[in-house]
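Working through the structure, step by step
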2 protein chains.
Amino acid sequence: MELASLIRYARGEEQVDLLFKNARVVNVLSGEIIPTDVAVVRSRIVGLGDYRAKEVLDLDGAFLAPGFIDAHVHVESAMVPPSEFARAVVPRGTTAVITDPHEIANVLGLDGIRFMFESAKHGPLSMYVMASSCVPATNMETNGAMLRWYDLVSLKSDPWVLGLAEVMNFPGVVGGDEEVLAKLRTFNELVIDGHCPGLSGRDLQAYAAAGIQSDHECTTVEEAQEKLRLGLTIFIREATNARNLKALLPLVNQNNHHRICFCTDDRQPADLLDEGHIDFMVRTAIAEGIDPIMAIRMATSNTANYFRLHDRGAITPGRRADLIVFDDLHAPRPRLVFRGGRLVAKDGEMLVPRRQPTTRNLRGTMNVNWEQVDFRIPAEGTTARVIGAIPNQLVTENLTLEMRIEGDEAVADPDRDLLKMAVIERHMASGSIGKAFVRGIGLTRGALASSVAHDHHNLVVIGADDRSMMTAARHCAALGGGMVVADGDRVLAEVPLPIGGLMSPEPIEEVRRTLDGALKAAASLGSTLHDPFMAMSFLGLEVIPTLKLTDQGLVDVDKFDFVPMWVG
Amino acid sequence: MELASLIRYARGEEQVDLLFKNARVVNVLSGEIIPTDVAVVRSRIVGLGDYRAKEVLDLDGAFLAPGFIDAHVHVESAMVPPSEFARAVVPRGTTAVITDPHEIANVLGLDGIRFMFESAKHGPLSMYVMASSCVPATNMETNGAMLRWYDLVSLKSDPWVLGLAEVMNFPGVVGGDEEVLAKLRTFNELVIDGHCPGLSGRDLQAYAAAGIQSDHECTTVEEAQEKLRLGLTIFIREATNARNLKALLPLVNQNNHHRICFCTDDRQPADLLDEGHIDFMVRTAIAEGIDPIMAIRMATSNTANYFRLHDRGAITPGRRADLIVFDDLHAPRPRLVFRGGRLVAKDGEMLVPRRQPTTRNLRGTMNVNWEQVDFRIPAEGTTARVIGAIPNQLVTENLTLEMRIEGDEAVADPDRDLLKMAVIERHMASGSIGKAFVRGIGLTRGALASSVAHDHHNLVVIGADDRSMMTAARHCAALGGGMVVADGDRVLAEVPLPIGGLMSPEPIEEVRRTLDGALKAAASLGSTLHDPFMAMSFLGLEVIPTLKLTDQGLVDVDKFDFVPMWVG
């Protein structure tokens, strides 16, 4: 809005568009609950107090707070694009998210990031982007794109880009890797997010000195305290597979909470739909004894302040009218959500019509050289390194087990929970394929295939026999990516994710339904894990200990190098 | 320092320059006192904890805190340029100030601002500048320069310019004055400071909505609370002539203090030398019951955060090594001050050699058309409006008194404390002169003249007789500006301020000594005020109620218009 108009409205010289009457405003700046009215014109708050208005909404003493802000999220983990992600989180009170689109960037590079922007534009959710810093994660994998520092320069001038996304390559930072430093230099006057699980002592000092300003990987109060003292803002995370909120709440107090924000990192459809988003974190924090205004600050003004979003995160004249209404300060459950002054969600339901994502600019991403795909593993010994999956953990064990040999091949041995695993390069049809064995998935027969595999997102297949594996893998590719459960020649269940092999163009409820079906089918084949696809998606991530498989082979993460499968 | 070096030092791979051993670090981010060591290389902090160092300074448990930051100060009020101002405040622990150079700008425009920059460069104090928004203050005066929005554009690109200085023209903001709005638009992505004494209700809403982000004019907790709730950061001020600290401390609590900073606005040499600077505010706040870490935050990290100075205000790796050492957390009195890793002051004494200001680019500013200077006031009635000075206040009374008439002239009547006052335009020798009478100064004979008169800084003369007035005025001009006490043809005392008629090139102690002499001389002439020059410097400021005199005539500030002297 033009400045002169804004001032006239604020003075009450003209009727405002909308007046929230009898609100109890959560003033996150002064730290108070203030009974007052709030006037809005178009997308802006223009004043607090009584104003002549075209439309009056009597809140009858309900609470009015700024919309929630997620400090760090990979939208792709919801398996839907931003427009659909918005349908899940906006009714929960989230009006802005800061995203790192590095899943799609690993598949489609800058084109993938542009798709995310396009999907978010003019939607009900403000989606800010941090330029993905670690694409690919390492050079021990083949991913779909490489983003160098000079590629990221092109993102810098976009007003929705706030800085450099989680610098996961902390060995590169502390080791002074020239490419990593070039990225840090490129963004040095903007916000630079960190990602340094367990980093401590001098290496952490170096990481902070390099200009990295936050971390969302803390799992203990001690770890977070050390980072906070060194100037890192702490994002407390409550992801589907990394739930740190309750463990970290004892960190939070009146003296330090303004340096702490909330984020979700990765949340699957079921968690978004059943538990919620940042609202879930706010309610949990309050239930655990955190003062409600402090909890709401960590979900609003603290995040706006950290990301230098000066027009958000509080209810004051001139700021964006991103507002939520709820009745219980001790368990905020937004029943009305306004974005830019417009009512966009009510009683948990989106009021904005659903938009079908525009995928016309996206190429197909399941580019597999099938001639090279052969799941057979020649018997070159009797004992081998085996990946040991651990329920609900991203780390694996590095096991050494005796192999089952049939003829001149090592084969799966479901009776001993020893399954075959393959990671098939699927971006440039190079024919690169990594093969090994895994324990802890529990299939007694059949196979699972998925194109969601952090961060390279190659095609991962795990199975009890090669035929089922081929059925699952081929069907996954035919879908354009997704998750498949197969048994012999038969496909039992599928979750099509044709957008980059990561996201579905369908409504999130439908994605959740098909995913539930796939989990049920996997269980029918003997899977002992709650979500074997989630486990699979991290068995190929060579930056998390201990033994992982990429398309290029087995990686001993502790040694940060390849190791042969056979040990004897 | 180059990023790669910084990281190597932080990792301890090379010897650091300086290690503060056994410090108790005031961690303003985590809100704790942490016993640790602090390593410095060149101008940067590189790490906390033990490091191999070329030089070790054992603090033996003394406190180490970030250097203090003054959120808003007119350096000119100290009557010395920035290089000399630094000598007064750096030994007090101030390592950065945010200045509005609007005194010198009213005299010399952009040349004046450039002089301030030049005087601060490479000195021991980081001086940031806010672009002066109100030069001149109104069009009811003649000042030395006019800064339009397009003049300010040239300042914006300077890395030491942080935004737009106190927008004192709040009627212009709320009235939508096009020139004021153009300035706000020019700086809308930077920091914009406010100045709105007593502004409240809808006008305050409009002022906040316009994007103004702070205020330093609050005098009551209620006023500050209203502004804080509307999103303005509150600068608590403790100036020589506006002492708001004790009145506002009850505002401060754990819940809101991160939106509150300390500033000094205007401090005279005697206050700087005797009481101190921001350190004085910190000590006073703690003595009044504020938690020491909170008090230090308001003097450091809060200010850095508000002004987006991300490399200052806390002791963390990568930030500037602007550090102070003190022994008593409950009465911090810096005994060592480091700026950019270098010891610059010790035990209240500056260690950096004094620099003589370079004034060669500054023209003389006492340009008076003496042919037009005539102090006689024709008797055009019997009663007249008289300015009523009130001790220790900037506001005046609007009195109506019977005049003493001699022949066809109205003359001073010292027996009734009725003195003559003239404001002589001194910038472009226009011959413009305003004349009136004033009560409350108390001279029984003689005259005072001064070129310090907010904000136009014309030549103000007050006296018991015209001859003394002419002596004082002419001598003031001959000095190139300053303060003069005269009696008849005799000059009794002088404070030469040849830099713009506002500042002295001499050491601040010398300025203070001459000023003390002038005050003593004024007292010998009967002055009843502690500092009649201070009072005089505000009798011409037509934006503060109630009756003021500019070179263009008497101004009734309530009507915001000229009024005739004679009423009957």
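So, here is what we can say about the structure in this document. (Residues numbered from 1 in each chain as written. Chains lettered and ligands numbered in written order. Predicted model: local features only at pLDDT ≥ 70, side-chain atom pairs only at ≥ 80, totals over all residues. Heavy atoms only, no water.)

All names here are of chain B. Mapped onto the elements of the fold, Met 79 is located in the loop between strand E6 (68-73) and helix H2 (82-89). Between the alpha carbons of Met 79 and Ile 499 there is a distance of 9.1 Å; along the sequence they are 420 residues apart. In this view, Met 79 contacts Gln 268, Pro 269, Met 483, Leu 497, Leu 502, Met 503, Ser 504, Val 511 and Leu 515; residues no more than four positions away in its chain are not counted. (Helix = DSSP H or I, 4+ residues; strand = E, 2+ residues; numbered from the N terminus. Contact = heavy atoms within 4.5 Å.)

This paragraph deals with the relation of the copies chain B and chain A. When chain B is brought onto chain A, the operation consists of a screw motion whose angular component is 180° and whose axial shift is 0.0 Å, with 0.0 Å RMSD remaining. In short, the pair behaves as if placed about a two-fold rotation axis. Closest to the rotation axis within chain B is the C-alpha of Gln254(B), separated from it by 3.3 Å. The overlap is high: 100% of the interface residues of chain B also sit at the interface in chain A, so the same surface is used on both sides. (Least-squares fit on C-alpha atoms with pLDDT ≥ 70 in both.)

Before going further, it helps to spend a moment on the pairing of E6(B). All names here are of chain B. Buried residues dominate E6, accounting for six of its six residues. Bridge count for E6 against strand E7 (residues 94-99) is four bridges, and the pairing is parallel. The residue of E7 that forms the bridge with Val 73 is Thr 99. (Buried < 20%, exposed > 50% of the residue type's maximum accessible area, 1.4 Å probe, protein only. Pairing = 2+ DSSP bridges.)

Another aspect to go through is the sheet that holds strand E11 (residues 214-215) of chain B. Residue and element names in this part refer to chain B. The strand order E11-E12-E13 describes an open sheet built from three strands, whose pairing is parallel. Both outer strands of the open sheet, E11 and strand E13 (260-263), are each paired with one neighbouring strand and no more. Relative to E13, strand E12 (residues 233-237) runs parallel, the two being bridged by four bridges. Within E13, the residue paired with Phe 235 across the bridge is Cys 261. Along the sheet, helix H11 (residues 278-287) contacts E12 and E13; its crossing angle with E13, the most-contacted strand, is approximately 130°. (Axes fitted to C-alpha atoms, helices over the stretch in contact; angles between N-to-C directions.)

Residue and element names in this part refer to chain A. Across the sheet, five strands lie side by side as E6-E7-E8-E9-E10; this open sheet has parallel pairing. Because the sheet does not close on itself, it has two edges, and the strands there are strand E6 (68-73) and strand E10 (191-194). Neighbouring strand axes in the sheet, compared pairwise and without regard to direction, differ in orientation by 30° on average. Pairing analysis gives four bridges linking strand E7 (residues 94-99) to strand E8 (residues 126-131), with the strands arranged parallel. Within E8, the position partnered with Val 97 by the bridge is Met 127. The strands touched by helix H3 (residues 102-120) within the sheet are E8 and strand E9 (161-167), with E8 carrying the most contacts at an inclination of about 150°.

Residues and elements named next belong to chain A. Summed over all chains, the structure comprises 85 salt bridges over all chains. Two residues, Lys 54 and Asp 17, come together in a salt bridge whose shortest N-O distance is 3.3 Å. Within this pair, whereas Lys 54 is found in strand E4 (residues 53-58), its partner Asp 17 is found in strand E1 (residues 16-27), the two being separated by 37 residues in sequence. For Asp 265, the salt bridge goes to Arg 237, with nearest N and O atoms at 2.7 Å. (Salt bridge = Lys/Arg side-chain N within 4 Å of Asp/Glu carboxyl O.)

So, on to the environment of Gly112(A). Relative to the helices and strands, Gly112(A) resides in helix H3. Distance in space between the C-alpha atoms of Gly112(A) and Ala39(A) is 39 Å, their sequence separation being 73 residues.

For the rest of this paragraph, the subject is the interface of chain B and chain A. Between chain B and chain A, the contact holds 51 residues from the first and 51 residues from the second. The contact between chain B and chain A buries some 4,300 Å² in all, and 51% of this surface belongs to carbon and sulfur atoms. The three residues of chain B that bury the most area against chain A are Arg11(B), Arg202(B) and Arg229(B), which together make up 15% of that side's buried surface. Viewed at the interface, chain A and chain B are joined by six salt bridges. Put simply, Arg185(A) and Glu2(B) hold a salt bridge, and the shortest N to O gap is 2.9 Å. Those elements that provide at least two residues to the side of chain B that touches chain A are helix H1 (3-10), strand E2 (32-41), strand E3 (44-48), helix H5 (170-174), helix H6 (178-186), helix H7 (201-209) and helix H8 (221-229) of chain B. At six residues, H7(B) tops the list of elements feeding residues into the side of chain B that touches chain A. (Buried area = accessible area lost by both parts, 1.4 Å probe.)

Another point: the side chain of Gln205(B). Among the secondary structure elements, Gln205(B) is positioned in helix H7. Residues contacting Gln205(B), with those up to four places away along its chain left out, are Ala10(A), Val46(A), Gly47(A), Leu48(A), Tyr51(A), Pro317(A) and Leu230(B).

Here the focus is the nonpolar core. Membership of the largest hydrophobic core comes to 174 residues, with the highest contact counts inside it found for Phe85(A), Leu184(A), Phe262(A), Ile441(A) and Leu64(B). Counting residues per element, this core draws most heavily on H3(A), which supplies ten residues. Leu64(B) has contacts with Phe20(B), Ala23(B), Arg24(B), Val25(B), Val26(B), Val38(B), Leu59(B), Ile315(B), Leu323(B), Ile324(B) and Val325(B), leaving out every residue within four places of it along the chain. Of all hydrophobic cores here, the second largest spans 171 residues; its members include Ala39(A), Val97(B), Ala224(B) and Leu547(B). (Core = buried A, V, L, I, M, F, W, Y, C linked by side-chain atoms within 4.5 Å.)

Let us look at a nonpolar patch on the surface. Together, Trp149(A), Tyr150(A) and Val153(A) give the surface a local cluster of nonpolar side chains, amounting to about 280 Å² of exposed area. Summarising the element assignment, Tyr150(A) is placed in helix H4 (residues 149-156). (Patch = residues over 30% accessible without salt bridge, like charges linked within 9 Å, V, L, I, M, F, W, Y side chains within 5 Å. Areas by Shrake-Rupley, 256 points an atom, 1.4 Å probe, with all protein chains shown as cover.)

Residues and elements named next belong to chain B. It is the contact of helix H3 (residues 102-120) with helix H4 (residues 149-156), at a shortest axis distance of 12 Å, that shows an interaxial angle of 20°. On the basis of their axis angle, the class for H3 and H4 is roughly parallel. Two packed elements cross with a definite hand, and for H3 against H4 that hand is right-handed. Residues Leu 110, Ile 113 and Phe 117 of H3 form the contact with H4, whose participating residues are Asp 151, Ser 154 and Leu 155. (Parallel < 35°, antiparallel > 145°, perpendicular 65-115°, else oblique. Left-handed = near helix turned anticlockwise from the far one by under 90°.)

Here we come to H3(B). Residue and element names in this part refer to chain B. In this model, H3 (19 residues) spans only 16 Å end to end at C-alpha, well below the 27 Å of a helix rising 1.5 Å per residue. A bend of about 135° at Leu 108 is the largest found in H3. Across the 19 residues that make up H3, a large majority, 16, are buried. (Expected span 1.5 Å × (residues − 1). Bend = angle between axes of the 7 residues up to and from the residue.)

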